[in-house]
Amino acid sequence: MYAILLALSLLDSFLPLIPSEPVIVIAGVYAAAGDTNLTLVILATGVGAFLGDQIPYGAGRLLESRLLKRLPPGTKRRATHDLLARQLATRGGYLLLFTRFIPVGRYLATLTAGMVGYSFRNYIVFTAIGGMAWSIYMVLTGYIGGVAFRDNQLLAVGAGLALALLSAAVIELARRLRRRPAVTPG
């Protein structure tokens, strides 16, 4: 099972159509019940996330010129790439850590990091920290649901998934509120 968790986390890093989060939350619920080892679940998903983040970075490095041709100036995709490139230049670590929690955002940030030649040494550090933080967050969300509803695993899984969705919604709301332009009186 730990190999499956590692593989799902790895694939989720660059194939957003493969959501690993529900499976990881469920693994956390099972860890609360004693069916899986909490530490091994966290390590497997964290290592998978870290390894998966290396793939878009490498693709960005190898395919930079081809990818830039597909991002003509004036398009939304190019504007997104340019924004991420600027953010990587000024606060790359923060961007890599924060986007780890945004499914498509993590892929775009890691791909762009490779395209712009972001320091690989720094990239490894921040994706390792981000992957482990994401893993701990996801697994503990399920674990908390599992502990709270130890006698009913179906309810525990539902509570774990609800906690994950609620925290994702709060993060997204905070992100949107932060991006809103300030209203000036007058």
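All figures in this text were calculated on a predicted structure; none of them were measured in a lab.

Definitions and limits used
Here, residues in each chain are numbered from 1, in the same order as that chain's written sequence. Where local features are concerned, this predicted model is filtered to residues with pLDDT of at least 70; where side-chain atom pairs are given and counted, the filter is 80 or more; whole-chain, interface and lining totals use all residues. To get the side-chain values, all heavy atoms of the structure are used, and hydrogens and water are removed first. For helices the rule is a DSSP run of H or I covering at least 4 residues; for strands it is a run of E covering at least 2, with both sets numbered from the N terminus onward. Burial classes follow relative accessibility: with a 1.4 Å probe on protein chains only, a residue under 20% of its type's maximum area counts as buried, one over 50% as exposed, and anything between as partly exposed. Should any heavy atoms of two residues lie within 4.5 Å, those residues are counted as being in contact. Here the Shrake-Rupley method, with its probe set to 1.4 Å, supplies the accessible areas, and only the displayed protein chains count as covering residues. What is meant by a nonpolar core is a set of buried Ala, Val, Leu, Ile, Met, Phe, Trp, Tyr and Cys residues, joined one to another through side-chain atoms within 4.5 Å. Axis lines are fitted to C-alpha atoms, over the contacting stretch for helices. Their N-to-C directions set the angle, which ranges from 0 to 180 degrees. Each angle gets one of four labels, with under 35 degrees taken as roughly parallel, over 145 as roughly antiparallel, 65 to 115 as roughly perpendicular, and the rest as oblique. Each crossing gets its handedness from the near helix: less than a right angle anticlockwise from the far helix is left-handed, clockwise is right-handed. Residues forming no salt bridge and having over 30% relative accessible area are the ones grouped into patches, like charges within 9 Å of each other and nonpolar side chains (Val, Leu, Ile, Met, Phe, Trp, Tyr) within 5 Å. Should a side-chain nitrogen of Lys or Arg be within 4 Å of a carboxyl oxygen of Asp or Glu, the pair is scored as a salt bridge. On a scale of 0 to 100, pLDDT captures the predictor's confidence in every residue.

### Regarding the overall build of the protein
Counting its regular elements, the protein contains seven helices and zero strands. What you see in the protein, going N to C, is helices and strands ordered as α-α-α-α-α-α-α. Classification of the 186 residues of the protein by burial places 37% in the buried group. Partitioning the contacts of the protein with sequence separation of at least 6, the portion at a separation of at least 24 is 74%. Surface summary for the protein: the accessible area is close to 10,500 Å², and the carbon and sulfur share equals 69%.

### Focus on the nonpolar core
The biggest cluster of nonpolar side chains holds 11 residues, and these are Leu5, Ile24, Val25, Ala27, Val41, Ile42, Ala44, Ala49, Trp134, Met138 and Val139. Elements that contribute at least two residues to this core include exactly helix H2 (21–32), helix H3 (38–69) and helix H6 (120–148). No other element matches the four residues that H3 contributes to this core. Those residues in contact with Ala49 that sit more than four places away from it in its chain are Ser9, Leu10, Ser13, Arg100, Gly131 and Trp134. Grouped together as the second largest cluster of nonpolar side chains are nine residues, Leu88, Leu96, Ala113 and Tyr123 included.

### Let's talk about helix H1 (residues 2–12)
Here H1 has its buried residues at Leu5, Leu8, Ser9, Leu10 and Asp12. Among the structural elements, H2, H3, helix H5 (103–115) and H6 are those in contact with the buried residues of H1.

### So, the packing of H1 against H2
Interhelical geometry of H1 versus H2 gives an angle of 150° and a closest axis separation of 10 Å. As summarised for this structure, H1 and H2 are arranged roughly antiparallel, according to the angle between their axes. Seen along the crossing, H1 lies across H2 with a hand that is left-handed. Here H1 contributes Leu5, Leu8, Ser9 and Asp12 to the contact with H2, which in turn contributes Glu21, Val23, Ile24 and Ala27.

### Observations concerning a nonpolar patch on the surface
Together, Ile136, Leu140 and Ile144 make up a nonpolar patch on the protein surface, roughly 230 Å² of accessible area in all. Mapped onto the fold, Leu140 is located in helix H6.

### So, the confidence of the model for the protein
When pLDDT is averaged across the protein, the result is 86; 84% of the residues are at 70 or more. Taking the mean pLDDT of every element in the protein, the minimum, 67, falls on helix H7 (residues 153–179) and the maximum, 95, on H3.

### A short note on the environment of Leu108
One can find Leu108 in helix H5. Separated by 28 residues in the primary sequence, Leu108 and Thr80 have C-alpha atoms spaced 8.7 Å apart. Aside from chain neighbours lying at most four places away, what touches Leu108 is Thr80 and Leu84.

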